[in-house]
Amino acid sequence: MLLDQETENEIVFELCQHLGRSILPLTGSARPGAPAGTVGTAFFYSELVGTADDGELAHEWLLTADALTDREYGEIGLRPSVTEPAEGADEPIELPGFADQWLHLPELGVAAMPTGGLYGYADDRGWQWRTQQVTEALAAPADAVARIGASPGSAFVLALGVGADGSRPLEAVVERVARDGDGTRVTTELPAGYVGAPVFTVEAGPDGGPLPRCLGVLLPARDGVHPIATFDRIRSALAEV
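Overview of the structure.

Procedures and definitions
Residues numbered from 1 in each chain as written. Predicted model: local features only at pLDDT ≥ 70, side-chain atom pairs only at ≥ 80, totals over all residues. Heavy atoms only, no water. Helix = DSSP H or I, 4+ residues; strand = E, 2+ residues; numbered from the N terminus. Rg over C-alpha atoms; globule rule 2.2 N^0.38 Å. Contact = heavy atoms within 4.5 Å. Pairing = 2+ DSSP bridges. Axes fitted to C-alpha atoms, helices over the stretch in contact; angles between N-to-C directions. Buried < 20%, exposed > 50% of the residue type's maximum accessible area, 1.4 Å probe, protein only. Polar contact = N/O pair within 3.5 Å; in protein donor to acceptor, adjacent residues only side chain to side chain. Arc of directions from axis to C-beta. 1 Å grid on protein atoms, 1.4 Å probe; cavity = no way out; pocket = protein on both sides within 12 Å on 5 of 7 lines; lining within 4 Å. Points joined across faces, edges and corners; volume = space filled by probe spheres on them. Patch = residues over 30% accessible without salt bridge, like charges linked within 9 Å, V, L, I, M, F, W, Y side chains within 5 Å. Areas by Shrake-Rupley, 256 points an atom, 1.4 Å probe, with all protein chains shown as cover. Salt bridge = Lys/Arg side-chain N within 4 Å of Asp/Glu carboxyl O. Lys, Arg positive; Asp, Glu negative; His and termini not counted. Charge placed at Lys NZ, Arg CZ, Asp CG, Glu CD. Disulfide = S-S within 2.5 Å.

Attention now moves to the overall build of the chain. Looking only at helices and strands, the chain features four helices and 16 strands. For the chain, the C-alpha radius of gyration of 17 Å lies close to 18 Å, the compact-globule estimate for 241 residues. Along the longest, intermediate and shortest principal axes, the C-alpha atoms of the chain span 50 × 45 × 35 Å. Within the chain, counting contacts between residues at least 6 apart in sequence, those at least 24 apart form 64% of the total.

The following block contains the structure:
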């Protein structure tokens, strides 16, 4: 769906408000203190796996592009908005053996980290997470992915960019998404820090208004465009784990 500029701006505002705390900055390098070899974004995804007497059962993952996770050492950055108290974000999460921390899905270009260790990390240091997640209800089902056509439609990328001073500001950009053969792509190359971020599009909801859907994970650019690892395939791959 191709939206007018006013509606696009409204969607950007809503995504920042409701999902700004779903994303974290990633860096990968050869060792602590070495220059960053990879810089990108990861996001929390919660999938429903069943029900129990006391409610629904869900698995939570941190998703990103697999290309960001192949280094010997990595850091997951923290922001004051995602920790309680805010001082919990004073230091990043340092991860020696970075590549071994992830479930690699190379056929999709995606890496997934179960979040249990992240919650344990916070508990050990006396703070709690205050995150938002891309939920299974928000993640695009197969039929929504299939409706992406060859004509460009509005797309929204929620990421942590890279400032001139090395800061990682929250950014949301409006781009275009289109089908390319049997894949889906963002039709322009995006700045440093965006790889691994969630990509959103919009469908008409039951009331006729715009209904955001998370298409999937932004992958590294090829020939000036970014392929997207879509949630129809991500769901299937995680279900086999």
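All right, on to the sheet that holds strand S13 (residues 183-186) then. Read around the closed barrel, six strands run S11-S12-S13-S16-S15-S14, paired in antiparallel fashion. On average, adjacent strands in this sheet sit at an angle of 45° to one another, irrespective of strand direction. Note: strand S11 (residues 153-160) against strand S14 (residues 198-204), two bridges, orientation antiparallel. Across the sheet, residue phenylalanine 156 finds its bridge partner in S14, namely phenylalanine 200. Here helix H1 (residues 5-19) sits on the sheet and contacts S11, strand S12 (170-180), S14 and strand S15 (210-218); the angle it forms with S11, its principal contact strand, is near 35°.

Its place among the elements puts glutamine 101 in the loop between strand S6 (93-96) and strand S7 (103-105). Accessibility expressed as a relative area gives 34% for glutamine 101, which makes it partly exposed. Excluding its chain neighbours within four sequence positions, the residues that come into contact with glutamine 101 are Leu95, Pro96 and Met113. Reaching out from glutamine 101, the side chain makes a polar contact with the backbone oxygen of proline 96 at a distance of 3.3 Å.

Here the focus is helix H2 (residues 116-124). Among all positions in H2, only Leu118, Tyr121 and Ala122 are buried. Along the long axis of H2, the arc covered by the buried residues comes to 95°, so they all point the same way. Opposite the buried face of H2, at more than 90 degrees from it, the exposed residues are Gly116, Gly117, Asp123 and Asp124.

The space that makes up the largest pocket amounts to roughly 370 Å³. If you trace the largest pocket, you find 17 residues lining it, with Asp182, Gly183, Thr184, Pro227 and Ile228 closest to the centre. Secondary-structure elements contributing two or more residues to the lining of the largest pocket are S12, S13, strand S16 (226-230) and helix H4 (231-239). The greatest single-element share of the lining of the largest pocket, amounting to four residues, is contributed by S16.

Once that is clear, we can look at a negative patch on the surface. Negative charge collects at one region of the surface, where Asp4, Glu6, Glu10 and Glu14 lie side by side. By secondary structure assignment, the location of aspartate 4 is in the segment before H1.

A few words on the pairing of S11. Along S11, eight of the eight residues are buried, which leaves the element largely enclosed by surrounding structure. In terms of strand pairing, S11 meets S12 through eight bridges, oriented antiparallel. Bridge pairing in S12 links serine 154 to arginine 176.

As for its placement among the helices and strands, arginine 213 is situated in strand S15. Given the relative accessible area of 17%, arginine 213 is considered buried. A polar contact of 3.2 Å, which involves the side chain of arginine 213, links it to the backbone oxygen of alanine 137. With near-sequence residues (within four places) excluded, arginine 213 lies in contact with Ala137, Leu138, Ala139, Ala140, Pro141, Val199, Phe200, Thr201 and Glu203.

Further remarks concern the state of the cysteines. Taken as a whole, this structure holds zero disulfides when the rule is applied. As a non-bridged cysteine, cysteine 16 has cysteine 214 as the owner of its nearest cysteine sulfur, 14 Å distant. Taking relative accessible area as the criterion, cysteine 16 reaches 26% and is therefore assigned partly exposed. Overall, cysteine 214 belongs to the buried group, its relative accessible area being 0%.

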